[in-house]
Amino acid sequence: MGQKLSYEYIRGIVEGEGCFSFCTVPVKTRDGSIAKATLPSFTLAMSEQDEELVRKVRDTLGLKNRIYKYPPRKRKDSYNRQSIVVLIVRDVPQLKNIIVPLFYGGFQGNKARQFENWIERIGNDPMVPAPYIMIHAL
């Protein structure tokens, strides 16, 4: 696996490059219809040149998620963006046992507010599935 990163170093990377947000996914209800659920997610996205660093973050934290690679994007401003690598964590056990304990109280400024608002929304948004509610209780 190579050299592990310190948790302080990981918090610093996430302060600048991480995001605590939500994604909407279709779910089948008991009556067979399709509804939308809002899943909490932690994302770390960086330039492809930092793929090894993203991998070290994942491995140091013991996360099981794969790292996605997205091709370069062209924009109307004619500036070519680089490919990016993205680590996304959405499953309850990893959010509850790894992500929240590591970052709770570990940020300053805007990232601290983003994290606190994320935790509050997990507990108060009726579209967040019940298994995720325990994250808010932590």
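Residues numbered from 1 in each chain as written. Predicted model: local features only at pLDDT ≥ 70, side-chain atom pairs only at ≥ 80, totals over all residues. Heavy atoms only, no water.

A.B. asks: How would you explain the side chain of Asn65 if you had to name every residue and give the values?
C.D. replies: Following the sequence through the fold, Asn65 ends up in the loop between α2 (51–61) and β3 (67–70). A distance of 2.9 Å separates a polar atom in the side chain of Asn65 from the backbone oxygen of Ile88. (Helix = DSSP H or I, 4+ residues; strand = E, 2+ residues; numbered from the N terminus. Polar contact = N/O pair within 3.5 Å; in protein donor to acceptor, adjacent residues only side chain to side chain.)

A.B. asks: Run through the pattern of salt bridges, naming residues and quoting values.
C.D. replies: Pairing between side chains of opposite charge can happen when their charged atoms approach one another. One pass over the full model with this rule turns up 6 salt bridges. Residue Glu48 pairs with Lys69 through a salt bridge whose shortest N-O separation is 3.0 Å. Placement of the pair is Glu48 in the loop between β2 (34–47) and α2 and Lys69 in strand β3, with a sequence separation of 21 residues. Across the pair Glu52 and Arg55 runs a salt bridge whose closest N-O atoms are separated by 3.9 Å. Here Glu52 pairs with Arg55, and both are found in helix α2, just 3 residues apart, close to one helical turn. What makes Arg55 partly exposed here is its relative accessible area of 26%. Taken together, the salt bridges that share partners define one network made up of Glu51, Glu52 and Arg55. (Salt bridge = Lys/Arg side-chain N within 4 Å of Asp/Glu carboxyl O. Buried < 20%, exposed > 50% of the residue type's maximum accessible area, 1.4 Å probe, protein only.)

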